[in-house]
Amino acid sequence: MHFFLHFERTLERKSELWHDFFPMNVLPSLFGWTLSQLEQLCRDLNAPRYTARQLAEWMYHKDCRSFAAMSNLPRVLRSRLEASFTLDRPDPHLGAASADGTKKYLFPVPSGTVEAAYIPEDERATLCLSTQAGCKMGCKFCMTGRLGFQGNLESGQILGQYAQLPERSRITNLVFMGMGEPLDNMAAVLQALEVLISDWGYGLSHQRICVSTVGVLPHLEEFLRKTPVRLALSVHSPFDEERARLMPCQKVWPIGRVIDLLRRHEDGKRRIYVEYIVFDGLNDSPRHARELVRLLHGLEVRVNLIKFHNVPGTEFQAASRKRMEEFQRVLLDKGIRTTIRKSRGEDIEAACGLLGSRGTYAGY
Ligand code: SF4
């Protein structure tokens, strides 16, 4: 008897706790679903197939936040959707604004808070998005890497950083270079990309979108097959042991194998960038530049040399401008288009390694 009384009380308490953390009104959000997912939903609800496109248009063309307002859908269907889903997306809070116009926004998600950076520059404005809360990759020069991993973002939480941005109408380019490794959250990233570039979605040009990766070999081929967007590969050293010290992922996905895979699969239609943060006395020698040329042989790429922004508590220092220019000269002499990237948002910690990434986001 005593045991059962105790058991019932435990159940009661458990149910209270459950409601504390998961209130009854927590429903999945439809925002971020692709057309084929919406078509499947319509089949399940016995609704005509064209309803899926109507739903997509309400969400992505008309920015509709309520099922009740979807006036061309039958009332019964709207009620059923309302009972099972929301149209929620994360809302931004302005984190900081830089003297150079860069703004850092914070987006609360269930697994933590993620950051996005808005970077205006002459005729273009770039948005740098996060794909995970934290990151598993542990790159030694990156602040996010030190935070560890809190969770993957869903497609709608990635897209919400674009859809909800106050400056959205001015955005010309999107880069997936914020917190997290995009290819470590492949399904959600591919889903978000599909919504961004499809006519039933946001209809952006795939040439205006760039996804950055450390080279997650198990997912890279699928990525190349399934999306035409641009790719930025973080290299940072052409020497295996040295790269492994900077980027632990090198031990499982060696850069030589990543480049080989790109060589085999690329047909010259997709622009590929190589990201190279230049550290003083570590990877900035002519020997490194020559080895980088050798590593990239036969692959059409553009190299971005990136100024390192000092991350508190790391032993790394930024290479001088002169050193970066000497490095650039070696690559240019071998016919590799190489740019020294401008720093943006350094004063608000929205720059490379501070937001948690590998590039100075503008210019892709
Ligand atoms: S640089 Fe990118 S992949 Fe590496 S730890 Fe930071 S967020 Fe992760």
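Residues numbered from 1 in each chain as written. Predicted model: local features only at pLDDT ≥ 70, side-chain atom pairs only at ≥ 80, totals over all residues.

Engineer: Explain the overall build of the chain to me, and be specific about the residues and the numbers.
Structural biologist: Each helix and strand in the chain was counted, giving twelve helices and twelve strands. Across the 364 residues that make up the chain, the buried fraction comes to 44%. In the chain, the proportion of contacts linking residues at least 24 apart, taken out of those at least 6 apart, comes to 68%. (Helix = DSSP H or I, 4+ residues; strand = E, 2+ residues; numbered from the N terminus. Buried ≥ 20, exposed ≤ 12 C-beta atoms within 10 Å, placed from the backbone. Contact = placed C-beta atoms within 7 Å.)

Engineer: Summarise the packing of helix H6 (residues 155-163) against helix H7 (residues 186-197); cite the residues concerned and give the values.
Structural biologist: Running from N to C, H6 and H7 cross one another at 45°; their axes reach a closest spacing of 8 Å. When the interaxial angle is binned, H6 and H7 end up oblique. You can see that H6 and H7 cross each other, and the crossing is right-handed. Contacts between H6 and H7 pair Ser155, Ile158 and Leu159 from the former with Ala188, Val189, Gln191, Ala192 and Val195 from the latter. Tallied by class, residues from the contact of H6 with H7 come to six nonpolar, two polar and no charged. (Axes fitted to C-alpha atoms, helices over the stretch in contact; angles between N-to-C directions. Parallel < 35°, antiparallel > 145°, perpendicular 65-115°, else oblique. Left-handed = near helix turned anticlockwise from the far one by under 90°. Nonpolar A, V, L, I, M, F, W, Y, C, P; charged D, E, K, R; others polar.)

Engineer: Tell me what's going on with the sheet that holds strand S4 (residues 124-128), and back it up with residues and numbers.
Structural biologist: The ten strands are arranged S1-S2-S3-S4-S7-S8-S9-S10-S11-S12 in an open sheet whose pairing can be described as mixed. In this open sheet, the two strands that pair with only one neighbour each are strand S1 (93-97) and strand S12 (337-340). On average, each strand axis in the sheet is tilted by 25° relative to the strand beside it, whichever way the strands run. Bridge count for strand S8 (residues 209-213) against strand S9 (residues 230-234) is four bridges, and the pairing is parallel. Within the sheet, the bridge partner assigned to Thr213 lies in S9 and is Leu233. (Pairing = 2+ DSSP bridges.)

Engineer: Got a sec to walk through the environment of Ile306? Specific residues and values, please.
Structural biologist: Relative to the helices and strands, Ile306 is located in strand S11 (residues 302-307). Along the backbone, Ile306 and Met324 are 18 residues apart, and their C-alpha atoms lie at a distance of 8.7 Å.

Engineer: How would you sum up the packing of helix H2 (residues 35-44) against helix H3 (residues 50-61)? Please name residues and give values.
Structural biologist: The axes of two packed helices give the description: the angle between them and the distance between them. Running from N to C, H2 and H3 point in directions that differ by 130°, and their axes come no closer than 8 Å. Classified by the interaxial angle, the pair formed by H2 and H3 is oblique. As for how H2 packs across H3, the hand of that crossing is right-handed. Each of Leu35, Leu38, Glu39 and Cys42 in H2 lies in contact with H3, whose residues at this interface are Thr51, Ala52, Arg53, Leu55 and Ala56. Considered class by class, the residues forming the contact of H2 with H3 number six nonpolar, one polar and two charged.

Engineer: Quick one: what's the story with unusual backbone geometry, residue by residue and with numbers?
Structural biologist: Phi at Asn46 is positive, roughly 60°, even though this residue is not glycine. Along the chain, Asn46 falls in the loop between H2 and H3. The class of Asn46 is exposed, set by 7 C-beta atoms lying within 10 Å. Residues other than glycine seldom take positive phi values, yet His236 does so here, at roughly 65°. For His236, the position within the fold is in the loop between S9 and helix H9 (240-246). For His236, a count of 28 C-beta atoms within 10 Å translates into the label buried.

This is a description of form; function is not addressed.
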